[in-house]
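Examining the three-dimensional arrangement
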Amino acid sequence: MSDGAQPPAEADSGEGTGLRAALAGLTTRGRSFFAAGIAAAICAYVLGQSDLLRVGLLLTVLPLVCALFLHRTRYRVAGTRRLSPARVPAGSEARVHLRVDNVSRLPTGLLMLQDRVPYVLGPRPRFVLDRVEPGGRREVSYRVRSDLRGRYPLGPLQLRLSDPFGMCELTRSFSSHDTLTVVPRVEALPPVRLRGESTGYGEGRQRSLALSGEDDVIPRGYRHGDDLRRVHWRSTARYGELMVRREEQPQRARCTVLLDTRGTAFRGAGPDSAFEWAVSGAASVLVHMLERGFSVRLLTDTGTVVPGEGADGFAGVSQGSADAAGLMMDTLAVIDHSDDTGLSRAYDVLRGGNEGLLVGFFGDLDEEQAAVAAKMRRRSGGALAFVLDDDSWGREPTDVPGPSDGRDRIEDRLRMLREAGWTALRVPRGSSLDELWRQADRERTGLAGANGERAGR
C-alpha cells in the first residue's frame, strides 16, 4: 500500500489568486452570456428599448457575479490518494483511491475532481462531486494498467470549482504526487535441481576439511558461557590456553543472475520484444531462487550489482527475501539498454571467486563476447545460459524464415558455451521460460549421467 496524503489546499481566491484569474475562468456559457449581454445593451441603446437594456444588463452582470462569488468563497479542501498496490506486474491493474475532505465551515459547490496520469496508464480520470457539507467526505476510485514496465507518477490532483449556474470554473492543484511501479512479469518456475545450488558451509569449513579432516574443526579461544563439552583439548595443549571447537556456520547457497542489457545485442522494442523477455526471465529466476532460500544478486553487463550492500553484493541471511526481491524488482522496472558493447565488466565482477550458480540471459553474442561469457563459467559452481535467437526475435511471426546462416551462427555460440561447461539453451521467439527451465534440468541430468559413465569406465 502507498498512502499519498496531500496537504489541504484552499479552493478559493483568497490567497495567491486575484479577481483577474476568476474572470479568466469564465466558461463558454459565461462568456456567451457576457457577450450576449453587451450586444443586447448596444442594441437597446441604438433602438431606444429600455426593456432590452435591462435584459442586456442582466446577461452581462450574471457571469461577473458568479466569478465574484467564486473569488470570495473561502473553503478549504484536503485530498488524499492511496494506491492498491503500489507495485504491480506489467499487464496487471492497480486501483487508485481518492478522498476529498471539506475541512472548512462552509459547504462546497459543484466540484470536478481530476487526477493527472501518464498516457500509458489510460485516460485521465474525471469525477463530478455534488455539494460537500462542512466536515464531509467523498471517496472515488479508478483503475490504471500498463503493459510496459516503469515508474509512473500519479498527480498532482486537480480540483475544479464551479458556480451553480456553470458560468465560471476555477482550478486548484494539490502539491504532492505518488509513484506507481510496474515491474516485469514473473513466471512461476518448477523446483528443479541445477549444479552449483547445493548448500555449503563457507570458506571456514573448506579450510578445516583440508587441514584436519571431516571430524575436526578450526578451534577458537574460550569465551565466557561456552559449553565445556566443546573444549578442544589438543589445541588447548598446543596453544597453552583454553580452546573450544568452532560452530559450523552454514552459508546460504548463492545464485547470480546475469542480465545482458547491451543495446547492440537486442532488436525491436515493446512488451513482446526480446529484451523484455530477458528482463522478465531474469525477474522470474530471481524470485524463484529467493523463495528457495538462496542468497541472490542481480548483475548486468555494466558491472552493476543489486543489491549493492556488503562486500560481495549478495542479499545475505540478515536481509529479508521480500526486501531483496523488492529492491531487485524495482531495478528491473526501470532498467534499459546500456551503451556498452561487451561483457568484460560483468566478467571482472565474477572472476573474484566461486559465486555458486550462475544464470545468464544473453542477447546476440559475437565470437569475442561468447568467449568472454565462456570464461565466466570458471568462477561458478554451475552455469545456465539462455541465449536469445536474434534472427527469430527480429522478424514478425508471419514472416518466412530466412537463410540458415543466423541459426548456424547461434549454434556456434551455444557450442562454445557448452564446451566451457555452460548448460546453454537457444531461446526462439515465443518461448516459455517454464519449458526452457525444465529442458535445462533434463540436459544437465543427461550430461551428468554421461560424465558419470565415462568416469566409471
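Please read these numbers as outputs of a predicted model, since none were measured by experiment.

A closer look at the UniProt feature "transmembrane region" (unreviewed entry) in the protein
On the UniProt side, "transmembrane region" (unreviewed entry) is annotated at positions that read residues 30–47 and 53–71 here. For residues 30–47, helix accounts for 100% and strand for 0%, while the C-alpha atoms at its two ends are 25 Å apart. Structurally, residues 53–71 comprises 100% helix and 0% strand, and the distance from its first C-alpha atom to its last is 27 Å.

Some words on the sheet that holds strand β16 (residues 295–300)
Strand order in this open sheet of six strands is β17-β16-β15-β18-β19-β20, and the pairing throughout is mixed. The strands lining the two open edges of the sheet, one partner per strand, are β17 (305–306) and β20 (423–427). The sheet contact formed by strand β15 (residues 254–259) and β16 spans six bridges and is parallel. Bridge pairing in β16 links Arg-254 to Ser-295.

Some remarks on the nonpolar core
In terms of nonpolar packing, the biggest core is built from 45 residues, with Leu-259, Leu-332, Phe-361 and Phe-386 touching the most fellow members. Only β15, α6 (274–291), β16, α7 (321–334), β18 (357–362), β19 (382–388), β20 and α12 (433–456) provide two or more residues apiece to this core. Core analysis: the next-biggest nonpolar cluster, separate from the first, contains 33 residues, Ala-94, Val-132, Leu-157 and Val-182 among them.

Here we look at the sheet that holds strand β11 (residues 169–173)
Strand order in the open sheet made by the four strands is β7-β6-β10-β11, with antiparallel pairing throughout. Pairing within the sheet leaves two strands with one partner each, and these edge strands are β7 (126–129) and β11. The mean inter-strand angle of the sheet, taken between neighbouring strand axes irrespective of direction, is 20°. Relative to strand β10 (residues 157–162), strand β6 (residues 110–115) runs antiparallel, the two sharing six bridges. Residue pairing across strands places Gln-114 opposite Gln-158, the latter belonging to β10.

Looking at the packing of aromatic side chains
In the structure shown here, the tally under the stated rule is six aromatic pairs. Between Phe-362 and Trp-422 the ring centres are 5.8 Å apart and the planes differ by 75°, which places this aromatic pair in the edge-to-face class. Here Phe-362 is found in strand β18, whereas its partner Trp-422 is found in the loop between α11 (405–419) and β20, with 60 residues between them in sequence. The same class applies to Phe-362 and to Trp-422, which are both buried. An aromatic cluster is defined as three or more aromatic residues linked by ring pairs; in this entry it consists of Trp-277, Phe-361, Phe-386 and Trp-393. Over the ring of Tyr-347 we find Lys-375, and its NZ or CZ is 4.9 Å from the ring centre.

With respect to the pairing of β18
Counting buried positions over the six residues of β18 gives six, a clear majority of the element. Sheet analysis places β15 next to β18, joined by five bridges and oriented parallel. Its bridge partner lying in β18, Leu-258 is registered against Gly-360. Relative to β19, β18 runs parallel, the two being bridged by six bridges. Note on β19: the bridge partner recorded for Gly-360 is Ala-385. Once the chain exits β18 it traverses helix α9 (residues 367–376) before rejoining the sheet at β19, and the crossover so formed is right-handed.

Describing helix α2 (residues 28–47)
Compared with the 28 Å implied by 1.5 Å per residue over 20 residues, the 28 Å span of α2 between its first and last C-alpha is a close match. By the burial criterion, the buried members of α2 are Gly-30, Gly-37, Ala-40, Ala-41 and Ala-44. Buried positions in α2, seen along its axis, are confined to an arc of 100° and lie on one side of it. Opposite the buried face of α2, by more than 90 degrees, sit the exposed residues Thr-28, Ile-42, Val-46 and Leu-47.

Description of the pairing of β7
If a strand is regular, its side chains alternate between the two faces of the sheet. Every second residue of β7 is oriented toward a common face, the buried set being Phe-127 and Leu-129 and the non-buried set Arg-126 and Val-128. Across four bridges, β6 lies against β7 in antiparallel orientation. Considered in β7, the bridge of Gln-114 is made with Arg-126.

Some words on the confidence of the model for the protein
Per-chain confidence: the protein averages 81 in pLDDT, with 79% of residues scoring 70 or above. Throughout residues 1–17 the model reports pLDDT below 50, and contacts reaching past four residues in sequence, or to other chains, amount to 59 contacts. Confidence over residues 197–216 falls short of pLDDT 50; this stretch has 29 contacts with residues more than four positions distant or in other chains.

Rules of the game
Along each chain, residues carry numbers from 1 onward, in the same order as the chain's sequence is written. In keeping with the model being predicted, local features are shown solely for residues with a pLDDT of at least 70 and side-chain atom pairs are shown and tallied solely at 80 or more, while totals for entire chains, interfaces and linings include all residues. Each side-chain value is worked out from all heavy atoms of the structure, with water and hydrogens disregarded. UniProt positions are given in the numbering used here, feature names are shortened, and annotations may be inferred rather than shown by experiment. By definition, any uninterrupted DSSP run of H or I lasting at least four residues is a helix, any uninterrupted run of E lasting at least two residues is a strand, and each is numbered from the N terminus. Strands were regarded as paired on the criterion that DSSP finds at least two bridges between them. Among buried residues, the Ala, Val, Leu, Ile, Met, Phe, Trp, Tyr and Cys ones that are joined through side-chain atoms within 4.5 Å form a nonpolar core. Only protein chains enter the accessibility calculation, which uses a 1.4 Å probe; a residue is then buried when its area is under 20% of its type maximum, exposed when over 50%, and partly exposed in between. Each axis is a line fitted through C-alpha atoms, and for a helix only the stretch in contact is used; angles between axes span 0 to 180 degrees, taken between their N-to-C directions. Side-chain rings of Phe, Tyr and Trp, where Trp is taken by its six-membered ring, are said to pair if the distance between their centres is within 6.5 Å; with planes under 30 degrees apart they count as stacked, over 60 as edge-to-face, and otherwise as tilted. A ring is considered to have a charge above it if a Lys NZ or an Arg CZ atom is located within 6 Å of its centre and within 35 degrees of its normal. Here, the term right-handed applies to a crossover whose path from the first strand over the helix to the second runs clockwise when the strands point away from the viewer. In this analysis, the expected span of each helix is defined as 1.5 Å times one less than the number of residues it contains. Directions from the helix axis toward the C-beta atoms define the arc. For every residue, the predictor assigns a confidence score, pLDDT, that lies between 0 and 100. The contact criterion used throughout is that any non-hydrogen atoms of two residues lie within 4.5 Å.

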